[in-house]
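Structural features, examined
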Amino acid sequence: MTISPDVIHGGIKTNIVPDSCEAQIDIRILPGQSWEYVISELKEILGDVKTEPLQYHLPSFSSADSKYFRLVEET
C-alpha cells in the first residue's frame, strides 16, 4: 500500500493556529487489502480522525503471463 498526501488545507493566516485541517491523500491498495484495512492503518497512525473516501476502486492484479507484462519485461 502506498499513501501520498497530495492536498492539505488548514488555517487562513500564518500567525494563527488553525482550528481544523483537511487533507486529501491518494492511497493505492494491494490485492487482498480492504477499505477496512486502510482505515485501521490510518487510525493507528493518525488516531481518531474523520475519514471519508472521495473515490474507491478495488485493487487490480495483472498476471505475469499477460501479453502486457511480457512487453514491459522486453522493453
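Residues numbered from 1 in each chain as written. Predicted model: local features only at pLDDT ≥ 70, side-chain atom pairs only at ≥ 80, totals over all residues. Heavy atoms only, no water.

**A short note on the packing of aromatic side chains**
- Taken as a whole, this structure holds one aromatic pair when the rule is applied.
- Between tryptophan 35 and tyrosine 56, the aromatic rings sit 5.8 Å apart at their centres with planes inclined by 70°, giving edge-to-face as the arrangement. In this pair, tryptophan 35 sits in helix α1 (residues 35–46) while tyrosine 56 sits in the loop between α1 and α2 (67–74), placing the two residues 21 residues apart along the sequence.
- Residue classification places tryptophan 35 among the partly exposed residues on the basis of a relative accessible area of 26%. (Phe/Tyr/Trp six-rings, centres within 6.5 Å; stacked < 30°, edge-to-face > 60°. Helix = DSSP H or I, 4+ residues; strand = E, 2+ residues; numbered from the N terminus. Buried < 20%, exposed > 50% of the residue type's maximum accessible area, 1.4 Å probe, protein only.)

**Some words on the layout of surface pockets**
- Approximately 980 Å³ is the volume attributed to the largest pocket.
- If you trace the largest pocket, you find 27 residues lining it, with Gln24, Ile25, Glu52, Pro53 and Leu54 closest to the centre.
- Elements that contribute at least two residues to the lining of the largest pocket include exactly β1 (2–10), β2 (21–28) and α1.
- At eight residues, β2 tops the list of elements feeding residues into the lining of the largest pocket.
- Its residues assigned to classes, the lining of the largest pocket shows 17 nonpolar, four polar and six charged. (1 Å grid on protein atoms, 1.4 Å probe; cavity = no way out; pocket = protein on both sides within 12 Å on 5 of 7 lines; lining within 4 Å. Points joined across faces, edges and corners; volume = space filled by probe spheres on them. Nonpolar A, V, L, I, M, F, W, Y, C, P; charged D, E, K, R; others polar.)

**Some points on α1**
- Helix length check: α1, at twelve residues, gives a terminal C-alpha distance of 16 Å against a target of 16 Å (1.5 Å per residue), a fit within 8%.
- Listed in full, the buried residues belonging to α1 are Val38, Ile39 and Leu42. Along the axis of α1, the buried residues cluster in a sector spanning 95°; they form a single face. Across α1 from its buried face, at more than 90 degrees, point the exposed residues Glu36 and Glu44.
- Buried-residue contacts for α1 involve β1 and β2. (Expected span 1.5 Å × (residues − 1). Arc of directions from axis to C-beta. Contact = heavy atoms within 4.5 Å.)

**Looking at the pattern of salt bridges**
- The tally for this structure, following the rule as stated, stands at one salt bridge.
- Between arginine 28 and aspartate 26 there is a salt bridge whose closest N-O contact spans 3.1 Å.
- Its relative accessible area of 53% is what places arginine 28 among the exposed residues.
- Its relative accessible area of 30% is what places aspartate 26 among the partly exposed residues. (Salt bridge = Lys/Arg side-chain N within 4 Å of Asp/Glu carboxyl O.)

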